[in-house]
Amino acid sequence: MIAITKLKAAAPLLLAALLFISGCGGEAATNNMETSASPAPAAETKLEKISIMLDWYPNAVHSFLYAAQKNGYFEQQGLEVDIQMPADTNDALKLVAAGKIDLALSYQPQVLMARGEDIPVKSIAAIVRHPLNHLMVPEGGDIKSPKDLVGKKVGYSSIPLYEAMMRTMIKQDGGDPQNVDLIDVGFDFIPAIATNNVDAIIGGFINHEQLLLAKEGHVMTAINPTDFGVPDYYELVLVASDQGLSEKQALFQKFLAAITEGQQYVSEHTEQALAILFEHEDQTSPLDKEIETKSLDILLPLMDAGDQAFGYQDPASWANVKDWLSENELLPPDIKAEDAFTNL
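This section reports on the structure supplied with the text. It should be emphasised that the depicted structure is a prediction, and the values quoted were computed from it without experimental measurement.

Cut-off values and rules
Residues numbered from 1 in each chain as written. Predicted model: local features only at pLDDT ≥ 70, side-chain atom pairs only at ≥ 80, totals over all residues. Heavy atoms only, no water. Helix = DSSP H or I, 4+ residues; strand = E, 2+ residues; numbered from the N terminus. Buried < 20%, exposed > 50% of the residue type's maximum accessible area, 1.4 Å probe, protein only. Contact = heavy atoms within 4.5 Å. Areas by Shrake-Rupley, 256 points an atom, 1.4 Å probe, with all protein chains shown as cover. Salt bridge = Lys/Arg side-chain N within 4 Å of Asp/Glu carboxyl O. Pairing = 2+ DSSP bridges. Axes fitted to C-alpha atoms, helices over the stretch in contact; angles between N-to-C directions. Right-handed = clockwise from strand over helix to strand, strands pointing away. Polar contact = N/O pair within 3.5 Å; in protein donor to acceptor, adjacent residues only side chain to side chain. Core = buried A, V, L, I, M, F, W, Y, C linked by side-chain atoms within 4.5 Å. Left-handed = near helix turned anticlockwise from the far one by under 90°. Nonpolar A, V, L, I, M, F, W, Y, C, P; charged D, E, K, R; others polar. Expected span 1.5 Å × (residues − 1). Bend = angle between axes of the 7 residues up to and from the residue. 1 Å grid on protein atoms, 1.4 Å probe; cavity = no way out; pocket = protein on both sides within 12 Å on 5 of 7 lines; lining within 4 Å. Points joined across faces, edges and corners; volume = space filled by probe spheres on them.

Some remarks on the overall build of the protein
- The number of helices and strands found in the protein is 12 helices and 10 strands.
- Evaluated residue by residue, the protein yields a buried proportion of 46% over its 344 residues.
- The contacts of the protein with a sequence gap of at least 6 include a subset with a gap of at least 24, amounting to 80%.
- Approximately 17,400 Å² of the protein is accessible, and the part contributed by carbon and sulfur atoms is 52%.

A word on the pattern of salt bridges
- Enumeration according to the criterion identifies nine salt bridges in this entry.
- One salt bridge connects K248 with D102, and the closest N-O pair in it is separated by 2.7 Å. Of this pair, K248 sits in helix 9 (residues 242-268) while D102 is found in the loop between helix 4 (92-97) and strand 3 (103-106), placing the two residues 146 residues apart along the sequence.
- Note on K248: relative accessible area 27%, which makes it partly exposed.

Points about the sheet that holds strand 8 (residues 200-205)
- Here we have five strands laid out as an open sheet, ordered 7-6-8-5-9, and mixed in their pairing. Two strands bound the open sheet, and with one partner strand each, they are strand 7 (181-184) and strand 9 (220-223). Taken over all neighbouring pairs, the strand axes of this sheet differ in orientation by 35° on average, direction set aside.
- Looking at chain direction, strand 6 (residues 153-156) and strand 8 are connected through two bridges and run parallel. Looking at strand 8, one finds that G155 is bridged to I201.

Describing the pairing of strand 5 (residues 133-138)
- With five of its six residues buried, strand 5 lies for the most part within the structure.
- Relative to strand 8, strand 5 is paired through three bridges, and the arrangement is antiparallel. When the bridges of strand 8 are listed, N133 appears paired with F205.

Some points on the pairing of strand 6
- Where strand 6 and strand 7 come together, four bridges link them in parallel fashion. Opposite K153, over in strand 7, you have D181 as the bridge partner.
- Taking the sense of rotation as the criterion, the β-α-β connection linking strand 6, helix 6 (residues 160-172) and strand 7 turns out right-handed.

Comments concerning the sheet that holds strand 10 (residues 236-241)
- Within the open sheet, the five strands sit side by side as 2-1-3-10-4. Their pairing is mixed. Taken across any chain shown, the strands that pair with only one partner, and hence form the sheet edges, are strand 2 (79-84) and strand 4 (121-128). Looking at each pair of strands side by side, their axes are set apart by 25° on average, direction ignored.
- Here strand 3 runs beside strand 10; their pairing, made up of three bridges, is antiparallel. Bridging from a neighbouring strand, L105 pairs with L238 of strand 10.

Topic: the side chain of N59
- Position of N59 among the secondary structure elements: in the loop between strand 1 (48-53) and helix 2 (63-70).
- In this structure N59 touches L277, L287 and E292, once residues within four positions along its chain are discounted.

Structural notes on the side chain of H62
- Within the fold, H62 resides in the loop between strand 1 and helix 2.
- A polar contact is formed between the side chain of H62 and the side chain of D55, at a distance of 2.7 Å.
- In contact with H62, not counting residues within four places along its chain, are L54, D55, W56, Y57 and L105.

Let's talk about the nonpolar core
- Formed by 105 residues in total, the largest nonpolar core has its most connected members in L65, I127, L238, F255 and I259.
- A per-element tally of this core places helix 9 first, with nine residues.
- Residues contacting I127, with those up to four places away along its chain left out, are F64, L105, L236, V237, L238, I259, L302, M303 and F310.

A few points about the packing of helix 5 (residues 108-116) against helix 12 (residues 315-327)
- Following both chains from N to C, one finds helix 5 and helix 12 inclined at 65°, their axes separated by 10 Å at the closest point. For helix 5 against helix 12, the interelement crossing comes out right-handed. Note on element contacts: helix 12 touches helix 5 through S317, W318, V321, K322 and L325, opposite Q108, P109, V111, L112 and M113.
- Broken down by class, the residue content of the contact of helix 5 with helix 12 amounts to seven nonpolar, two polar and one charged.

Focus: helix 9
- Taking 1.5 Å as the rise per residue, helix 9 with 27 residues should run 39 Å; its terminal C-alpha atoms sit only 34 Å apart, a clear shortfall.
- Most pronounced at K248, the bend in helix 9 amounts to some 90°.
- Of the positions making up helix 9, those classed as buried are G244, L245, L251, F252, F255, L256, A258, I259, G262, Q263, Y265 and V266.

Quick notes on the layout of surface pockets
- When its volume is computed, the largest pocket comes out at roughly 1,100 Å³.
- Lining the largest pocket are 37 residues, and of these T89, N90, Y107, Q110 and I159 lie nearest its centre.
- Of all the secondary-structure elements, those providing two or more residues to the lining of the largest pocket are helix 4, strand 3, helix 5, helix 6 and strand 8.
- When residues of the lining of the largest pocket are assigned to their parent elements, the largest contribution, four residues, is made by helix 5.
- Its residues assigned to classes, the lining of the largest pocket shows 22 nonpolar, nine polar and six charged.

This is a description of form; function is not addressed.
And the structure:
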């Protein structure tokens, strides 16, 4: 009886406790349901902005960028990328150094020469691993090698680097570079050689000028500068500033991961990649599908890093180019090659 009486007396307290527990549990369950039913949408994730300036108007070599943008590879890395065209091809490195843009596409020798002018920029990836700029001569003509240019006229764009390349090639081939007439044709390489105003051109690219000349009936033989004493330099590199690297290295690593996917897509889906590129065609510089298709065929093997990751830079390449530039008085001898690049 005592036990029963105690149990009856405790019943109201037990019921109250159960109701309290049930209420708390119900509230927790309700909260859990609300949480699981309303996750933060992925679209609301804040993307970090980053800008890149091209070296020229959009063309086949930039396909990896537009593929990464179109296919969401940048977004998957948490990036919103602004791809810009340069007003002047000489501006990109200075704009990067000044913090006006985050990244730029430029050229390996120019990065070293910029360091020589106290412009604090550094390459973070090699995009095109070999020279596109070749000496071009009419096919079937009497110029078979650089030494045959002695006494001839060579068109170039008054860029000291191109002059140094030309003189190195001729000297390496046994000719006297002082007996070659270098003609400044600006960037009008095609009309200069097509109208026979010059006997050869240096500064034209095998994936552009050579293709356009052939299409117009002027078939050219391209002579690789690396066969005649010029170091095998990286034609196109991705550049950041020293300050940018100290502040945004993690973002740049994400950018590299995205463009690696972009390049893989381009190599596996060339037709689709070119279709994406043409969505970004600049009306002031219209693209020719046939030319860009052939250009991409030329570019892909020259962009392949083999066993290394896309963009990998070989320290020996930077050392060789630095030494050659110094020998040709295009770079102060105290500039260090290792200061001009980094593999992230």
